[in-house]
Amino acid sequence: MAVLQDQPGIVVTVRTNGMDCVEYDDPDDSKLQLERPFPTAFKYVESLDDSEFTIHMKVDSSYDWSYKKHSLKFMVYVDGKYVSGVILSRGICQEGEVKGKGGFCATTQSWRTHKLKFSTVKTVDDATEDRIEKDREASKKLGLIEVEVSRCIMVRPTNTGGTFPQLNTTSFELAEKSLKGKAISHGTVYSTGEVSVAPVFWTTEPLDKENVTITAFEFRYRSRKALQQELVIPGSPPRSLTLNGLSEAELRRLAAERLEQINEGTLAKKKNMPMKREASEVEDLTGDTRHPKRIQVPEEYIDLTDE
């Protein structure tokens, strides 16, 4: 879970299937922090194809609520676009979750929520320069979840809700050249929508008349392969060869190959063994050394008997 030491007690996580995603530190954390005017947590999470996800926020007991009895407003953006907001207050609600984008549907006369879902980014090779430039601009914040936190004063509840804007419910298709140098694997689309309970909206005012972000959280979501490409996690270790799971045909093939290697090794050893020669044979090395001649040496007998 992403927690900042500069703003203790504020916790934000990305969840899939109701469980917190494993978070990985951003290798460029220090560099990115210099570009932000407020404390920011930078994390990576793994995204799975067609998996729904939510953004969960919580304020625990270590947070100081005493200053002017304020509330905390969480504004959630995905791929650079506003999704929804949550207000947490001491004694009212200290935990919340953004599941998607909601609005009033005039056709069904009901409040509907379109859930957030990871979607694989597909690329095309043949694209015009205008298409490449347009996709390059669209991909600047693709694969990014941002949560900005500010302090506010809750004024009054309101019935003002939202109507549905145009939502992307299909997959992404971008020009390959627009993603050059980026290991972006997924974007976010919305589900077809389902009837849900309309939330309660509040009118708020910024604390001390300044709507200042006090902290923020950034989650870059990528596939496992993309996380490895960006050196966020180590690459997969090479598979070790074992006999478990091999078919009988594969085992026979491996055994035949090993037998052939053994036989070749045996023949090689025989070729390199020195030849045994008779004691009465010597080599004539005075001539052509490439074809030495064998010379038969006559046997001598010495008579040791007395005359």
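All values derive from a computational prediction rather than experimental measurement.

Enquirer: Summarise the overall build of the chain; cite the residues concerned and give the values.
Expert: Helices and strands together make up the secondary structure of the chain, namely 4 helices and 19 strands. Counting all 307 residues of the chain, 35% fall into the buried class. Long-range pairs, those at least 24 residues apart, make up 73% of the contacts in the chain between residues at least 6 apart in sequence. Carbon together with sulfur atoms contributes 51% to the accessible area of the chain, which is approximately 21000 Å² in total.

Enquirer: Could you give me a rundown of the pattern of salt bridges, with the residues and numbers involved?
Expert: If you walk through the whole model with that rule in mind, you get 13 salt bridges. Across the pair Lys43 and Asp25 runs a salt bridge, and its minimum N-O distance is 2.6 Å. Taken together, the residues Lys43 in strand E5 (residues 40–46) and Asp25 in strand E4 (residues 23–25) connect sequence positions 18 residues apart. Through salt bridges that share partners, Asp26, Glu35, Arg36, Glu218 and Arg220 make up one connected network.

Enquirer: I'd like a rundown of the nonpolar core, residues and numbers included.
Expert: As a rule of thumb, soluble globular proteins bury nonpolar side chains together. Grouped together as the largest cluster of nonpolar side chains are 33 residues, with contacts concentrated most on Ile55, Met57, Leu72, Phe74 and Phe217. Those residues in contact with Phe74 that sit more than four places away from it in its chain are Ile10, Val12, Met57, Val59, Ser84, Gly85, Val86, Leu88, Val147, Glu148 and Val149. In this structure, Val121, Leu174, Ile184 and Val189 belong to the second largest nonpolar core, which totals 7 residues.

Enquirer: Tell me about the packing of aromatic side chains, and name the residues and values.
Expert: All told, the structure shown has 6 aromatic pairs when counted by the stated rule. Aromatic pair Tyr77 and Tyr82: ring centres 5.6 Å apart, planes at 65 degrees, arrangement edge-to-face. Between Phe118 and Tyr221 the ring centres are 4.9 Å apart and the planes differ by 40 degrees, which places this aromatic pair in the tilted class. Of this pair, Phe118 sits in strand E11 (residues 110–124) while Tyr221 is found in strand E17 (residues 213–222), placing the two residues 103 residues apart along the sequence. Just as Phe118 is buried, Tyr221 falls in that class too. Site record: aromatic cluster; members linked through ring pairs are Phe53, Phe118 and Tyr221.

Enquirer: Pulling in residues and values, what's your account of the environment of Val83?
Expert: One can find Val83 in strand E8 (residues 81–88). Residues contacting Val83, with those up to four places away along its chain left out, are Val76, Tyr77, Val78, Val98, Gly100, Lys101, Leu116 and Tyr190.

Enquirer: Explain the pairing of strand E12 (residues 144–158) residue by residue, including any values.
Expert: Bridge analysis of strand E7 (residues 71–78) against E12 gives 8 bridges, and the strand direction is antiparallel. Among the inter-strand pairings, Leu72 is bridged to a residue of E12, identified as Arg151. Sheet analysis places E12 next to strand E16 (residues 201–206), joined by 6 bridges and oriented antiparallel. Pairing of Pro157 across the sheet is with Trp202, part of E16.

Enquirer: So what's going on with the side chain of Glu146? Which residues, and what values?
Expert: Along the chain, Glu146 falls in strand E12. Overall, Glu146 belongs to the buried group, its relative accessible area being 10%. Polar contacts involving the side chain of Glu146 include one to the side chain of Lys141, which spans 3.4 Å. Here Glu146 is in contact with Met75, Val76, Tyr77, Gly80, Lys141, Phe217 and Glu218, once residues within four sequence places are set aside.

Enquirer: So what's going on with unusual backbone geometry? Which residues, and what values?
Expert: A positive phi is found at Lys69, a non-glycine position, where the angle reads about 50 degrees. For Lys69, the position within the fold is in the loop between strand E6 (52–59) and E7. Under the relative-accessibility criterion, Lys69 is labelled exposed at 77%. At Asp79, a residue that is not glycine, the phi angle is positive and equals roughly 55 degrees.

Quick notes on the rules
Residues numbered from 1 in each chain as written. Predicted model: local features only at pLDDT ≥ 70, side-chain atom pairs only at ≥ 80, totals over all residues. Heavy atoms only, no water. Helix = DSSP H or I, 4+ residues; strand = E, 2+ residues; numbered from the N terminus. Buried < 20%, exposed > 50% of the residue type's maximum accessible area, 1.4 Å probe, protein only. Contact = heavy atoms within 4.5 Å. Areas by Shrake-Rupley, 256 points an atom, 1.4 Å probe, with all protein chains shown as cover. Salt bridge = Lys/Arg side-chain N within 4 Å of Asp/Glu carboxyl O. Core = buried A, V, L, I, M, F, W, Y, C linked by side-chain atoms within 4.5 Å. Phe/Tyr/Trp six-rings, centres within 6.5 Å; stacked < 30°, edge-to-face > 60°. Pairing = 2+ DSSP bridges. Polar contact = N/O pair within 3.5 Å; in protein donor to acceptor, adjacent residues only side chain to side chain.

Without other data, these values stay purely geometric and don't point to any function.
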